[in-house]
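# Fold and geometry: a report
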Amino acid sequence: MAVYIVGGKSRIGGSVRIHGAKNAALPILAAAVICGDCVIENCPDLTDVAVALDILQHLGCRVVREGGTVYTHRLEGGDHCIPDALMSAMRSSIVFLGGIIARHGKAEVTLPGGCELGKRPIDIHLAALRRMGVRIREKGSGTLVCSAPRGLQGTELALPFPSVGATENIIIAAVTARGTTRITGAAREPEIRDLIAFLNGCGAQITCGVDGTITIQGVEKLHGVTHRVIPDRIAAGTFLCAAAITGGSVEVQDVNPGHLLSTLAYLNNAGCSVTTRIDSVLLRGPERLNELGIVKTLPYPGFPTDMQAVLMAAAAGAKGTSVFVENIFDGRYRHVSELLKLGADIRVLDRVAVVTGVPELHGGQLRCTDLRGGAAVVLAALSAQGPSVIREIRHIDRGYEDFSGSLRALGADIRREEAEWNGNTDQSAASGDEKKL
Ligand code: UD1
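Residues numbered from 1 in each chain as written. Predicted model: local features only at pLDDT ≥ 70, side-chain atom pairs only at ≥ 80, totals over all residues. Heavy atoms only, no water.

The local shell around the ligand holds 19 residues, among which Asp123, Ile124, Ser163, Asp306 and Ile328 are the closest. Computed on the free molecule, the ligand has an accessible area of 740 Å², of which 86% lies beneath the protein chains in the complex. Looking at which element gives the most residues to the shell around the ligand, the answer is helix α5 (residues 123-131), with three residues. Classifying every residue of the shell around the ligand by side-chain character gives seven nonpolar, six polar and six charged. (Near = heavy atom within 4 Å. Areas by Shrake-Rupley, 256 points an atom, 1.4 Å probe, with all protein chains shown as cover. Helix = DSSP H or I, 4+ residues; strand = E, 2+ residues; numbered from the N terminus. Nonpolar A, V, L, I, M, F, W, Y, C, P; charged D, E, K, R; others polar.)

Set out below in structure tokens:
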């Protein structure tokens, strides 16, 4: 099992190119199930994307990756079931459901896996699909058997919460449905706009109103397209925070600064100097950050829940007290236990976390609790005094291409060890003097 060995007291400096967005690539790959031959550029090389490519092949698409480009070729036939091993590998496998039903008129999937972020129900997905004419029943413990004997039918849908995944699932199901689907209360994340751009490129008829309503006029069939996935705003935000936490500077390149506004506002208020250009952001961190104020996660364009853990790592060493309110997921404070091991002062009550910045964090024996929480722990360890060993880094591989390599190229003292972890937790392992890994 791989680990990171982090030296501590790193100062980030330099520039980093940001890869394509995981959360845009995944629904686009799910939509490719019902499209003609596609060329998907800037497709990040992540374990979650590898799972999506496996699912796509299983469902009847030939898939070839050449560097950052993925070619999909729709074959005849294909399965309407996703094996449990693939479903449970990541939560977003559920966004394949709408496309499978659209293609086969039926689908069989088990309940999805992914990061442990408290309760993650899929009731909004299922209620919408039912209204579009899908019969859904549960077989055994957690297998969904879906069928649309008369095909999918467009309808009016008012979502009770702007769920990103449910919005994507409905859009994919609706593009080839009979009639018009109108979604009010839909999610507005940039990754949804990217999915819509991809599908419209394939011949779909999707429009977004100024009030956020998404209207999908069903079409007979979709052709292929060449599409470039948008940059990963969460990866970009993570590297910006790395510079902010370590008092360093970084230029994130190939980004859309407009997607980063809420994160940049917090970092700017905390004392960072921020310069945005058309496709890059340059951030210079102060010696020590000021407190971040009240950080509330909200649906886009609010502050993203995926940045909450990373920003909390910044708050842990800042001057003064910052307050976090997690409004999107319950149970998204699992990283707090790891930040406490580094000497952070954080108190959690339900959805609120009060972070009193300490002058210095110290290294420790840590684990990644989930994807973004894992990135937060790495950044905190980089800023800490003394070495750290970080386990369970497979979570980070789900969302960051060569995270340690990118940080090292920016001057961070971090390396990845692929050796077996033997449970030894002494500091000599962390320092690398006498490796016991
Ligand atoms: C997506 C992102 C994830 C991000 C999240 C919120 C992908 C692959 N993942 O996840 O990184 O953190 O958006 O921006 O794009 N909910 C229900 N019922 C449902 C669906 C959702 O109650 O049927 C609740 C969830 O439990 C959660 C909230 O709605 O509390 C937000 O979930 P959702 O927007 O669906 O997140 P995901 O699509 O899973």
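Right, let's get into unusual backbone geometry. Here the amide bond leading from Tyr300 into Pro301 is cis, since omega sits at 10°, within 30 degrees of zero. Of note in the backbone geometry, Asp350 takes a positive phi value of approximately 50° without being a glycine. By the element assignment, Asp350 lies in the loop between β19 (345-349) and β20 (352-356).

Turning our attention to the environment of Tyr4. Tracing the sequence through the fold places Tyr4 in strand β1 (residues 3-6). A residue is classified by how much of its surface remains accessible, and Tyr4, at 0% relative accessible area, is buried. Not counting chain neighbours up to four residues away, the residues in contact with Tyr4 comprise Val378, Ser388, Val389, Ile390, Ile393, Ile396, Phe403, Ser404, Ile414, Arg415 and Arg416. (Buried < 20%, exposed > 50% of the residue type's maximum accessible area, 1.4 Å probe, protein only. Contact = heavy atoms within 4.5 Å.)

For Glu191, the position within the fold is in helix α7 (residues 190-201). When residues no more than four places from it in sequence are discounted, the contact partners of Glu191 are Asn23, Ala24, Ile230 and Arg233.

What follows is about the side chain of Asp194. With respect to the helices and strands, Asp194 occurs in helix α7. Buried charge Asp194 goes without a salt bridge, the closest partner of opposite sign being Arg228 at 9.5 Å. Contact partners of Asp194, with chain neighbours within four places excluded, come to Ala24, Ile28, His227, Arg228, Val229 and Ile230. (Lys, Arg positive; Asp, Glu negative; His and termini not counted. Salt bridge = Lys/Arg side-chain N within 4 Å of Asp/Glu carboxyl O.)

Next up on the list: the sheet that holds strand β12 (residues 214-217). Here we have four strands laid out as an open sheet, ordered β9-β10-β12-β11, and mixed in their pairing. Of all the strands in the sheet, just β9 (156-158) and β11 (205-208) have a single pairing partner and so form its edges. When the angles between neighbouring strand axes are averaged without regard to direction, this sheet yields 15°. Here strand β10 (residues 180-184) runs beside β12; their pairing, made up of four bridges, is antiparallel. Note that in β12 the partner of Thr180 across the bridge is Gln217. Along the sheet, α7 contacts β11 and β12; its crossing angle with β11, the most-contacted strand, is approximately 150°. (Pairing = 2+ DSSP bridges. Axes fitted to C-alpha atoms, helices over the stretch in contact; angles between N-to-C directions.)

With the rule as written, the count across this model stands at 16 salt bridges. In this structure, Arg17 engages Asp254 in a salt bridge whose closest nitrogen and oxygen atoms are separated by 2.8 Å. Here Asp254 lies in the loop between β14 (249-253) and α9 (261-269) and Arg17 lies in strand β2 (residues 13-17), a separation of 237 residues in the sequence. Residue class for Arg17 comes out partly exposed when judged on its relative accessible area of 41%. For Asp254, a relative accessible area of 31% puts it in the partly exposed group. For Glu108, the salt bridge identified is with Lys139, shortest N-O distance 2.9 Å. Of this pair, Glu108 sits in strand β6 (residues 106-110) while Lys139 is found in strand β7 (residues 135-139), placing the two residues 31 residues apart along the sequence. On the accessibility criterion, Lys139 (37% relative accessible area) is partly exposed. Within this structure, Lys22, Asp48 and Arg398 form a network of salt bridges that share partners.

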